[in-house]
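# Structure at a glance
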Amino acid sequence: MSRPLLENKNAVIYGGGGAIGGATARVFAREGARLFLAGRTQAKLDAVARDIAALGGEVETAQVDVFDQHAVEEHAAAVAAKAGSIDVALNAVSIMHDQGTLLADLSLEEFMVPIDGFLRTLFITSKAVAKHMGHERPGVILTLSEPGSKLAAGGILGHGVSAAGKETFSRLLAAELAPSNVRVVCIRPHAVVDAPASGSYTKELFEPMAAAGDQSVQEFLEGGLAQGALLKRLPTLAEVAETAAFLASDRGGAMTGTVANLTGGALVD
């Protein structure tokens, strides 16, 4: 019987109560990781923690504002002091933003929301955990982006720029942290087909686009968006979480400074 992928690993997940963060936390726990979940909504964190505890996993939660750099750094330091190290960190923080508005009607504020929001939290969380990672224990920072980083399409100016920024940030950070034995890998899923039903903010995000085509959000995902992928389907939460577990493990130890494409073939790098 093979050993769990993340046995004896200490993992911090920011946005640990969300759809992707929660799904990943459950898989990490199954694979032997000790979990530290941070996020804005304690009730959501507690729900994920109960699932993990019910399966015998080790988990702690903390209500942390990821826009508060001091609070995030204090939390990371406390985790490292208690666990002895931070081995894996995932930023799965969600930022509600505009999609669908063209430049003529897009305000500067709307344009900047995803750019400032996503990249600010990515900088803050990465800086907080990096100092507690690596050297004799390999460290892994996982980030999330979207297909907007590569698409040439109208109505996603802020979204696309923020997605490209997250991928560039991850690649450059990988170069900085490699000498410290820390890998940085970005995961780029397409819209995750079962995320809205699991409480993701993407339900609200996609509702206007779905309504414009007289569709439900699920019909919009399974119909229009899925048909643009080679596999004619979108990734699931389980697929994103399982990929994250592999990339965080020593089995993915040769991967850094790159993007794992989980778009179902909507984009082929």
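From a predicted model like this one, the values you see are computed outputs, not experimental measurements.

### A look at the side chain of S162
- Examined against the element boundaries, S162 turns out to sit in helix 5 (residues 157-177).
- Those residues within four positions of S162 in sequence are excluded, and the remaining contacts are P114, I115, F118 and L119.

### What to know about the environment of D98
- Here D98 lies in the loop between strand 4 (88-91) and helix 4 (108-130).
- You can call D98 partly exposed: its relative accessible area is 23%.
- Between the C-alpha atom of D98 and that of G18, which follows or precedes it by 80 residues, the distance is 19 Å.
- Here T101 takes part through its side chain, which lies 2.7 Å from a polar atom of the side chain of D98.

### Some remarks on the pattern of salt bridges
- Per the counting criterion, the structure on display carries 14 salt bridges.
- E7 is paired through a salt bridge with R3; the nearest N and O atoms lie 2.7 Å apart.
- You can call E7 partly exposed: its relative accessible area is 33%.
- Judged by its relative accessible area of 59%, R3 falls in the exposed class.

### Some words on the environment of L151
- In this fold, L151 is placed in the loop between strand 5 (139-144) and helix 5.
- Considered as a pair, L151 and Q63 are 88 residues apart in the sequence and their alpha carbons are 35 Å apart.
- Setting aside chain neighbours within four positions, we find L151 in contact with I156 and L267.

### Some details on unusual backbone geometry
- Phi at N8 takes a positive value of approximately 70°, unusual for a residue other than glycine.
- The phi angle at D214 is positive, at roughly 55°, despite the residue not being glycine.
- With respect to the helices, strands and loops of the structure, D214 is situated in the loop between helix 6 (202-212) and helix 7 (217-227).
- On the basis of relative accessible area, D214 is assigned to the exposed category, the value being 72%.

### A word on a nonpolar patch on the surface
- Side chains of L230, L231 and V268 sit close together on the surface and give an oily, nonpolar patch of about 350 Å² of accessible area.
- With respect to the helices and strands, the residue L230 is situated in the loop between helix 7 and helix 8 (237-248).

The rules behind the values
Residues numbered from 1 in each chain as written. Predicted model: local features only at pLDDT ≥ 70, side-chain atom pairs only at ≥ 80, totals over all residues. Heavy atoms only, no water. Helix = DSSP H or I, 4+ residues; strand = E, 2+ residues; numbered from the N terminus. Contact = heavy atoms within 4.5 Å. Buried < 20%, exposed > 50% of the residue type's maximum accessible area, 1.4 Å probe, protein only. Polar contact = N/O pair within 3.5 Å; in protein donor to acceptor, adjacent residues only side chain to side chain. Salt bridge = Lys/Arg side-chain N within 4 Å of Asp/Glu carboxyl O. Patch = residues over 30% accessible without salt bridge, like charges linked within 9 Å, V, L, I, M, F, W, Y side chains within 5 Å. Areas by Shrake-Rupley, 256 points an atom, 1.4 Å probe, with all protein chains shown as cover.

Coordinates in, geometry out; function isn't part of it.
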